[in-house]
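Here are the chains, one letter per residue:
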Amino acid sequence: MTQGAHPSPARRTVLGAAGAAAVLGATTVLPAGTAHADEARGGEDRGGRGHGYRSLPVPTVIAHRGASGYRPEHTLGSYRHALDLGAHVIEQDLVPTRDGHLVCRHENDITGTTDVADHPEFASRKTTKTVDGTSLTGWFTEDFTLAELKTLRAKERIPGTRQENTLYDGRWTVPTFEEVLRWAEDEGRRRGREIWLHVETKHPTYFRGLGLGLEERLARLLRRYGRHRANSPVFLQSFEPSSIQRLAKLVDSPRVVLLSGAATRPWDFVQAGDPRTVADLVTPAGLSWIASYAQGIGPTLDLVIPKDASGRLGTPTTLVRDAHAEGLVLHPYTHRNENAFLPADFRRGTDPNAYGDAFGALKRYLETGIDGIFSDNADTALLAAADLTARD
């Protein structure tokens, strides 16, 4: 095993639950009048008790694609394990099938996350496409019906890094988002609490160009399962601001604009000829514009604390302060335990797949005042959050 001696899954669960219990003790207080506003919007949701996103523990631990540090990502097994570890919110990424169903995959290219290459009946489906300006060769969800996609099995995306996860290859199918909504309802009843979801529209401009618009399909499902209200236990997120603006017209669910590297431009900006970059969007003026249609931002961690030329963490930016001034919550991405994904000053040893000083890195990030964090290792993030709140 290249990842070294890790805690057993059982111990991870115990630690994660302990961290969750500690963090839950620090639940934030709802602003005055929120309860009345929620009642005016329709009261409790079918999908949960309807307390609203301000009732979540701070910092909120968002399970990135589920417990993807321990199970193949975007499977019901990964989502369930994340809940067992104590995660507050579970993330889904949505892409469509040819017949218009929304399924949970980080990308529409399913070459690395399913066993599609082992299915000779789909060999002719392999093709090259340009998605958001990038040429990709593989198999794509929009070329499969849901029935065809369900014949495939999910597998670990980065087996060289997470060899232990390959134990679970083939155990689960690719879930539809509707299946996840039903699963969340069942888990909510079983666990006696609302199950929060963090749902991303992937490549929305690209799919709209194919006649497979994501937002309307997503809104219909949210309404069907009672997660369309401002107090519903769901966040909607996208790297394309226009997707969030479109969703704002369809549902009242809380919305988050994702922000990549400072020099990058959202793909919908590229297509529309909008010259603004992410650097423009994280200025006070840019954040004010985002706050006009969204409740939060999901910046890359480098926008919160930049790295220097050697890959070490530098001085925090003013992003947290500036976003909070506009009433926005911050859910940065992504924390992972492995050396390869940690800042250089928190790596330990020479094996890129071994765990580094994840707690040290998390401490630096959480101390900036961010409201939550996406993590592949929810148990680690929960313990770090508990450490922080114990000192407050």
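## Concerning the packing of helix α7 (residues 214-224) against helix α8 (residues 241-250)
Okay, so step 1: Where α7 meets α8, the axes come as close as 10 Å, and the angle between the chain directions of the two elements is 40°. Taken as axis vectors, α7 and α8 run oblique relative to one another. The handedness of the crossing between α7 and α8 is right-handed. Together, Glu215, Glu216, Leu218, Ala219 and Arg223 of α7 and Ser243, Arg246, Leu247 and Leu250 of α8 make up the contact between the two elements.

## Points about the environment of Val320
Okay, so step 1: You can see Val320 is positioned in helix α13 (residues 319-325).
Okay, so step 2: Taking C-alpha positions, Val320 is 7.1 Å from Val304, a pair spaced 16 residues apart along the chain.
Okay, so step 3: Discounting chain neighbours no more than four positions away, the residues touching Val320 are Val304, Leu330, Thr368, Gly369 and Ile370.

## What about the nonpolar core?
Okay, so step 1: Core analysis: the largest hydrophobic core is formed by 83 residues, its most contacted members being Phe177, Leu197, Leu218 and Ile297.
Okay, so step 2: The leading source of residues in this core is helix α15 (residues 378-391), at six residues.
Okay, so step 3: When residues no more than four places from it in sequence are discounted, the contact partners of Ile297 are Val256, Val257, Leu259, Leu287, Ile290, Leu319, Ala323, Leu328, Val329, Leu330 and His331.
Okay, so step 4: Counting eleven residues, the second-largest nonpolar core is a separate cluster that includes Leu56, Phe235, Val256 and Tyr333.

## With respect to unusual backbone geometry
Okay, so step 1: Following Val58, the chain continues into Pro59 via a peptide bond in cis, with omega recorded as 0°.
Okay, so step 2: Mapped onto the secondary structure, Pro59 falls in the loop between α2 (34-40) and β1 (60-63).
Okay, so step 3: The amide bond that connects Tyr333 to the next residue, Thr334, takes the cis arrangement and shows omega of -15°.
Okay, so step 4: Here Thr334 shows up in the loop between β10 (329-330) and α14 (358-366).
Okay, so step 5: Backbone geometry places His74, a non-glycine residue, at a positive phi of 50°.
Okay, so step 6: Looking at the secondary structure, you find His74 in the loop between β1 and α3 (76-85).
Okay, so step 7: Phi is positive for His203, which is not a glycine, with a value near 50°.
Okay, so step 8: Checked against the element boundaries, His203 lands in the loop between β6 (196-201) and α6 (204-209).

About the cut-offs
- Residues numbered from 1 in each chain as written.
- Predicted model: local features only at pLDDT ≥ 70, side-chain atom pairs only at ≥ 80, totals over all residues.
- Heavy atoms only, no water.
- Axes fitted to C-alpha atoms, helices over the stretch in contact; angles between N-to-C directions.
- Helix = DSSP H or I, 4+ residues; strand = E, 2+ residues; numbered from the N terminus.
- Parallel < 35°, antiparallel > 145°, perpendicular 65-115°, else oblique.
- Left-handed = near helix turned anticlockwise from the far one by under 90°.
- Contact = heavy atoms within 4.5 Å.
- Core = buried A, V, L, I, M, F, W, Y, C linked by side-chain atoms within 4.5 Å.
- Buried < 20%, exposed > 50% of the residue type's maximum accessible area, 1.4 Å probe, protein only.

Purely geometric stuff here, so don't read any function into it on its own.
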